Amino acid sequence: MLAQVDTFVGPEVNWFALSPLIALVAGALLMMLAGALTPRWPNGLYALACATTAGTAGALAMVQWDDITDNGPTTLVAGAVAFDTFSMFVTILICVSIILVAMLADDYLRGTPNDGPEIYALLLTAGAGGVVMASANDLIVLFLGLETLSLALYVLAASNRRSNRSGESGIKYFVLGGFASAFFLYGIALVYGATGTTNISEMVVALQNTVDLETPDGLALAGVALLLVGLGFKVAAVPFHIWTPDVYQGAPSPVTAFMASVAKAAAFAAMLRVLVIALPFYRDDWRPVIWVLALLSLLVGSVVAVVQTDVKRMLAYSSISHAGFLLVGVEAAGHTAGELDPGSGMSAVMLYLMLYSVMVIGSFAVVLVVQRHAGGDSSIEAFRGLSMRRPAIATAFTVFLLAQAGVPFTSGFIAKFGVIQAAVDVDSYAIAVIAMVSAVIAAFVYLRIMLTVWTGTPAENSEPIRVPLAVGVTIAGAAVFTLFAGIIPGWLIDATDTVTQYAR
Amino acid sequence: MNDATFLEYVVFFAAAVMILGGAVGVVAFRNPVHAALGLVLTLFGVAVQFVAMEAHFLAAVQIIVYAGAIVVLFLFVIMLLGVDRSIDLSIEPLNVQRPLAAIMSVGLLALIGAAIVQSRDALEINPGTGVDTATATGDNDANINQLATNLFGDHVFAFQLTSVLLIVAVVGTVLMTRKWPKGAEEPVEDVA
């Protein structure tokens with residue numbers, strides 16, 4: 001039997017091409033190991049180590065980006081991972097988000113038993129899971145990435161052990177997420193049954209070969225439907241959104257910011273991978289489903305946000321309506337999926353994800369500051385008169401809210417314009433009009449928060465609001481980026497235009 | 001596939017009844033210990049199916065890992081938490097939930113059933129490249145060899161990725177089981 005060991009040739013591994021992923025996982029492991037062997041680190045060092053790791057991974061991803069634009073996309077490790085600008089863009093996005101969230105988490109965790117390497121290691125491994133989701137070229141790999149991200153998020157959501165709401169949000173997310181993962185896995189099994197492979201490249205070939213055979217494809221269609229349920233849950237599209245408000249509200253604010261940025265970006269990247277790249281063959285079947293999901297998410301997200309009284313819940317519903325906008329972009333990409341000219345849908349979605357991640361982390365950073373001051377209260381009353389006590393924070397918050405509403409000269413306008421233009425390009429006028437109407441409805445929510453921030457007078461509890469340095473830097477950086485990308489968006493648009501050169 | 005013997009049909013249906021019966025039992029039993037034993041029945045049924053498909057190694061792993069280790073762990077937890085008694089699950093805060101769930105599950109079952117029946121030929125057009133030729137070589141170890149080639153060849157990335165998943169599980173356990181001392185600063189959310 002030993003003779004057979006010699007005849008086995010493993011797949012070739014281009015280690016350097018995998019370096020962003022390896023950096024994230026290795027950083028998490030080193031933090032856990034060093035954290036266990038040494039006494040408590042000085043304040044802020046855990047967060048610094050986490051941010052450094054994410055920064056290294058992001059820088060490595062930029063190096064790979066250059067390599068890909070020079071030599072073209074390819075696949076790695078026996079076709080399991082796609083090495084293309086699409087995956088590198090999401091990697092950079094996730095790394096930036098981890099850095100920002102680590103800066104928020106630092107002060108939040110001080111003085112609690114959670115102030116150790118664990119939370120940061122979970123942020124890094126969750127990021128690695130997101131990177132895997134975005135770069136998977138095999139549905140099994142994609143599922144493992146999804147589980148890595150999700151499991152870490154369940155724990156992070158429940159990580160504030162003193163708060164019943166945090167525990168509730170963790171267990172709710174866990175039970176519903178497990179259910180959605182089961183749907184996703186069943187979908188993979190059915191697609192495997194219909195195509196004989198889980199590898200995306202082989203799947204595309206297998207589906208093309210069946211064109212002339214008049215194969216009954218009910219199995220594959222049922223699989224696509226179940227995959228859509230699993231992905232719809234992860235991106236929080238209506239009607240799979242029920243978990244979102246409770247989980248966003250109950251989870252610690254830094255974790256909520258992480259969910260709204262990293263989890264959303266990874267889930268949409270996975271959705272594009274599965275639908276546009278792996279299953280363009282069925283694009284006329286899944287596109288109407290995406291259309292309906294987009295319509296429902298846009299309307300429910302913006303209308304229900306209006307009647308909320310808690311700012312975290314408002315932002316949760318607004319994230320659902322943002323998911324609707326992103327789905328408009330996915331729908332637009334669906335019109336030209338699999339063709340030589342891939343259209344502008346995919347790059348519009350990528351641009352939206354990048355800009356939305358930064359503004360949503362900024363928004364939750366402001367919520368974090370106010371909530372801490374108000375003793376855990378995140379209702380809209382806690383924001384009354386913020387402008388009189390902290391004008392700078394109020395101004396930054398206004399920038400984030402205007403950007404979320406899609407006002408010109410902020411990044412939100414560029415993002416929304418991109419997806420609507422992509423929809424118009426493929427003559428999908430109805431959903432483009434609905435998206436614009438829902439943007440107007442959603443603007444009411446943001447105006448209501450802004451009005452409270454700027455007009456109200458603060459309650460008698462007028463001791464100064466403490467803004468930790470790292471949180472202040474995060475808010476300022478996010479606000480500057482939001483304005484800068486809104487005024488000079490060219491360089492980002494150029495970068496996202498190249499993400500349509502994907503590998504499979 | 002078409003020349004399956006009568007005995008193969010008998011084994012298949014017997015195992016299928018075991019799997020489904022056990023699965024219904026997990027949901028229907030009021031006593032958690034009985035539910036866990038229902039799970040054992042399901043897992044044994046799956047092992048029988050593996051044997052019927054000549055995947056002997058998988059069958060052994062199924063018994064050792066799932067039926068042996070995991071369910072015993074379930075039982076340990078059930079005993080430790082002291083929930084090993086029947087509980088009344090008939091109280092339902094939202095009355096529409098159960099009928100709706102019943103309608104949805106019947107609909108889903110019908111849809112998937114219809115899809116499988118309608119496209120039963122598709123399996124022959126794109127046969128999977130799994131370990132289905134395990135016994136073709138006549139080698140007793142062919143099963144394990146094929147599995148290993150698959151695991152360390154085409155799927156080595158997925159195989160390594162499961163270790164990251166385990167890291168998350170371990171770190172999560174450390175975080176969730178940590179004791180919060182009484183004197184620690186009150187975290188913010190609790191005040192609300």
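What counts and how
Residues numbered from 1 in each chain as written. Chains lettered and ligands numbered in written order. Predicted model: local features only at pLDDT ≥ 70, side-chain atom pairs only at ≥ 80, totals over all residues. Heavy atoms only, no water. Phe/Tyr/Trp six-rings, centres within 6.5 Å; stacked < 30°, edge-to-face > 60°. Helix = DSSP H or I, 4+ residues; strand = E, 2+ residues; numbered from the N terminus. Buried < 20%, exposed > 50% of the residue type's maximum accessible area, 1.4 Å probe, protein only. Lys NZ or Arg CZ within 6 Å of the ring centre and 35° of its normal. 1 Å grid on protein atoms, 1.4 Å probe; cavity = no way out; pocket = protein on both sides within 12 Å on 5 of 7 lines; lining within 4 Å. Points joined across faces, edges and corners; volume = space filled by probe spheres on them. Nonpolar A, V, L, I, M, F, W, Y, C, P; charged D, E, K, R; others polar. Contact = heavy atoms within 4.5 Å. Salt bridge = Lys/Arg side-chain N within 4 Å of Asp/Glu carboxyl O. Polar contact = N/O pair within 3.5 Å; in protein donor to acceptor, adjacent residues only side chain to side chain. Disulfide = S-S within 2.5 Å.

## Considerations on the packing of aromatic side chains
Residue and element names in this part refer to chain A.
Part 1 of the reasoning: A complete count under the given rule lists 20 aromatic pairs over all chains for this structure.
Part 2 of the reasoning: Aromatic pair Phe143 and Phe184: ring centres 6.4 Å apart, planes at 15°, arrangement stacked. You can see Phe143 sitting in helix α6 (residues 139-157) and its partner Phe184 sitting in helix α7 (residues 164-195), a full 41 residues away along the chain.
Part 3 of the reasoning: Measuring from ring centre to ring centre gives 5.2 Å for Phe179 and Phe183, while their planes differ by 90°; the resulting arrangement is edge-to-face. A residue pair is termed a helical-turn pair when its members lie 3 or 4 positions apart in one helix, as Phe179 and Phe183 do in helix α7 at four residues.
Part 4 of the reasoning: Looking at Phe179, the relative accessible area reads 54%, which means it is exposed.
Part 5 of the reasoning: Grouped by ring-pair contacts, the aromatic residues Tyr154, Tyr173, Phe174, Phe233, Trp243, Tyr248 and Phe364 constitute a single cluster.
Part 6 of the reasoning: We note Lys416 situated over the ring of Phe325; from NZ or CZ to the ring centre the distance is 4.5 Å.

## Here we look at empty space enclosed by the protein
Residues and elements named next belong to chain A.
Part 1 of the reasoning: Evaluated as defined, the whole model comprises six cavities of 30 Å³ or more.
Part 2 of the reasoning: Each pocket or cavity is described by its volume, and for the largest cavity that value is around 90 Å³.
Part 3 of the reasoning: Together, 14 residues line the largest cavity, and Ala17, Val81, Met88, Val131 and Ser135 are the ones closest to its centre.
Part 4 of the reasoning: The set of elements that each furnish at least two residues to the lining of the largest cavity consists of α2 (19-37), β2 (81-83), α4 (85-109) and α5 (117-135).
Part 5 of the reasoning: Its residues assigned to classes, the lining of the largest cavity shows eleven nonpolar, three polar and no charged.

## Structural notes on the interface of chain A and chain B
Part 1 of the reasoning: The partner chain B presents 51 residues to the 69 residues of chain A that form the contact.
Part 2 of the reasoning: Taken together, the links from chain A to chain B amount to one salt bridge.
Part 3 of the reasoning: A salt bridge links Glu118(A) to Arg178(B), with the nearest nitrogen and oxygen atoms 2.6 Å apart.
Part 4 of the reasoning: Linking chain A with chain B are five residue pairs in polar contact (both at pLDDT 80 or more).
Part 5 of the reasoning: Counting only elements with at least two residues in the side of chain A that touches chain B, the list comes to α2, α5, α6, α7, α9 (218-235) and α14 (345-373) of chain A.
Part 6 of the reasoning: At nine residues, α6(A) tops the list of elements feeding residues into the side of chain A that touches chain B.
Part 7 of the reasoning: Of the residues assigned to the side of chain A that touches chain B, the class counts are 36 nonpolar, 23 polar and ten charged.

## Comments concerning the state of the cysteines
All names here are of chain A.
Part 1 of the reasoning: Applying the stated criterion across every chain yields a total of zero disulfides over all chains.
Part 2 of the reasoning: Sulfur of Cys50: no disulfide; nearest cysteine sulfur belongs to Cys95 and is 10 Å away.
Part 3 of the reasoning: Here Cys95 falls in the buried class, since its relative accessible area comes to 2%.

## As for the pattern of salt bridges
Residue and element names in this part refer to chain A.
Part 1 of the reasoning: Counted according to the given criterion, the structure contains 13 salt bridges over all chains.
Part 2 of the reasoning: Notably, a salt bridge pairs Arg40 with Asp115, separated by 3.5 Å at the nearest N-O pair. Here the residue Arg40 occupies a position in the loop between α2 and α3 (45-71), and Asp115 occupies one in the loop between α4 and α5, the gap between them amounting to 75 residues.
Part 3 of the reasoning: Judged by relative accessible area, which is 10%, Asp115 ranks as buried.
Part 4 of the reasoning: With its nearest N and O atoms 2.8 Å apart, the salt bridge here joins Arg110 to Asp106.
Part 5 of the reasoning: One connected set of salt bridges, linked through shared partners, spans Glu168, Lys172, Asp246 and Arg313.

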